[in-house]
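Here is what each chain is made of, one letter per residue.
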Amino acid sequence: MSTDLQKPLNIVAVSGGLNFPSKTESLIQEIIDELSDATPVQVHFIKFSEIGSLLGGAIYRHQLPQRVQDDLAAVEAADALIVGTPVYRASFTGLFKHFFDFVEQTALVDVPVLLAASGGSDRHALVLEHQLRPLFSFFQAQTLPIGVYATDRDFNADYTIQSQSLRDRITLAIARALPVLEWAPAKGHRAEIVKAKTEQANANLGINKQIEQEEVLPSVAVPSLDAAESRLQQKHLDKTKTQVA
Ligand SMILES: Cc1cc2nc3c(=O)[nH]c(=O)nc-3n(C[C@H](O)[C@H](O)[C@H](O)COP(=O)(O)O)c2cc1C
């Protein structure tokens, strides 16, 4: 087995919940816990309940506090993202969008992204499909097929999750995500590849100024056909060896 498969996944989670406590934050934590039970991960959890107030005044990345610049660098270097936002006015919050407006626009190509949201009403569940998915499609990220939407009714008074159906949905979302996440041979390699982009973005990038991109970041999150074929070949060889022995 390749060592890449044994490496922990470098997961960056983002909760756009501005309050503390926050239902969105509990939801994201629950998704992280489910994933950690299934596969080795190292997680960097970005909480807008902590950084929300640091974001608003900045137009350029270099105007952001170092902590937020580091968070953006972590997003750009992640093997996979788990992102969630409360629904505000039928969409993600303004600050959630502001944060992702700073993310270098080719850094998330092919990166798997698990989408989540919490809202007051069932009626806005499609915020996952109509707001979040298009945003990450813009980045050419690989949005995962199953997202997780929670409403106020899914939580206890202390914001822990009370609903079994929400837990089941989280389990399903992780089960469907795992084959994509575990197959990614890029584990830990993206950090090195995007480093120069992050440095350039921190120096120059503003929400009113795009970096001219001649090249799109090469796809590293999805195995090339060559890699897939060589793994299949190895499996075939191992099988033949076992049969001979
Ligand atoms: C300004 C504002 C706008 C909101 N708009 C919506 C909305 O359009 N649809 C909805 O279902 N819930 C809406 N809500 C409710 C929140 O999305 C919901 O309570 C969410 O779970 C809060 O997450 P949090 O605890 O992480 O802050 C709104 C709440 C606020 C404060």
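Residues numbered from 1 in each chain as written. Predicted model: local features only at pLDDT ≥ 70, side-chain atom pairs only at ≥ 80, totals over all residues.

Rules: UniProt positions are given in the numbering used here, feature names are shortened, and annotations may be inferred rather than shown by experiment.
Identification of the chain as FMN reductase from Acinetobacter larvae is taken from an unreviewed UniProt entry. According to its UniProt record, the chain has this under Sequence similarities (unreviewed entry): "Belongs to the SsuE family."

**Quick word on the overall build of the chain**
Rules: By definition, any uninterrupted DSSP run of H or I lasting at least four residues is a helix, any uninterrupted run of E lasting at least two residues is a strand, and each is numbered from the N terminus. Neighbour counting defines burial: a residue surrounded by 20 or more other C-beta atoms within 10 Å of its own C-beta is buried, one with 12 or fewer is exposed, and intermediate counts give partly exposed, using backbone-placed C-beta atoms.
Across its full length, the chain holds 9 helices and 6 strands. Scored against the burial criterion, the 245 residues of the chain give a buried share of 38%.

**A few points about the environment of Leu135**
Relative to the helices and strands, Leu135 resides in helix H6 (residues 127-138). What makes Leu135 buried here is the crowd of 20 C-beta atoms within 10 Å. Remark: the alpha-carbon pair of Leu135 and Lys97, spanning 38 residues in sequence, is separated by 8.7 Å.

**Some words on the packing of helix H4 (residues 66-77) against helix H8 (residues 190-204)**
So the rule is basically this: The angle between two axes is taken between their N-to-C directions and runs from 0 to 180 degrees, where each axis is a line fitted to C-alpha atoms and a helix contributes only its stretch in contact. Throughout this description, any angle smaller than 35 degrees is read as roughly parallel, any larger than 145 degrees as roughly antiparallel, any in the 65 to 115 degree range as roughly perpendicular, and the remainder as oblique. Crossing handedness follows the turn of the near helix against the far one: under a right angle anticlockwise gives a left-handed crossing, and clockwise gives a right-handed one. Think of it this way: build a C-beta for each residue from its backbone, and any pair within 7 Å is a contact.
Direction vectors running N to C along H4 and H8 enclose 140 degrees, while the axes themselves pass 8 Å from each other. If you check the angle between H4 and H8, you find them oblique. The hand of the H4/H8 crossing is right-handed. Judged by residue contacts, Gln69, Ala73, Glu76 and Ala77 of H4 engage Arg190, Ala191, Val194, Lys197, Thr198 and Asn202 from H8.

**Let's talk about the site of the ligand**
What counts is decided by this rule: To decide whether a residue is near a molecule or strand, its C-beta atom is placed from the backbone and checked for lying within 6 Å of it. Each residue is assigned to one class: nonpolar for Ala, Val, Leu, Ile, Met, Phe, Trp, Tyr, Cys and Pro, charged for Asp, Glu, Lys and Arg, and polar for all the others, Gly among them.
Near the ligand, the surroundings consist of 17 residues, among which Gly17, Ser22, Thr24, Pro86 and Gly119 are the closest. Those elements giving two or more residues to the shell around the ligand turn out to be helix H2 (23-38) and strand S4 (112-119). Its residues assigned to classes, the shell around the ligand shows 5 nonpolar, 9 polar and 3 charged.

**Looking at the pairing of strand S3 (residues 80-86)**
In plain terms, the rule: The criterion for strand pairing is that DSSP finds at least two bridges linking the strands in question. The handedness of a crossover follows from its direction of travel: if, with the strands pointing away from the viewer, the path from the first strand over the helix to the second runs clockwise, the crossover is right-handed.
Across the 7 residues of S3, 7 count as buried, placing the element largely inside the fold. Residues of S3 alternate between two faces, with Ala80, Ile82, Gly84 and Pro86 on one and Leu81, Val83 and Thr85 on the opposite face, all of them buried. Pairing of strand S1 (residues 9-15) with S3, which is carried by 5 bridges, proceeds in the parallel orientation. Residue pairing for S3: Ala13 is matched across the bridge by Ile82. Pairing of S3 with S4, which is carried by 6 bridges, proceeds in the parallel orientation. When the sheet's bridge partners are listed, Leu81 is paired in S4 with Val113. Since S3 and S4 lie parallel, the crossover through helix H5 (residues 94-101) that links them has a hand, and here it is right-handed.

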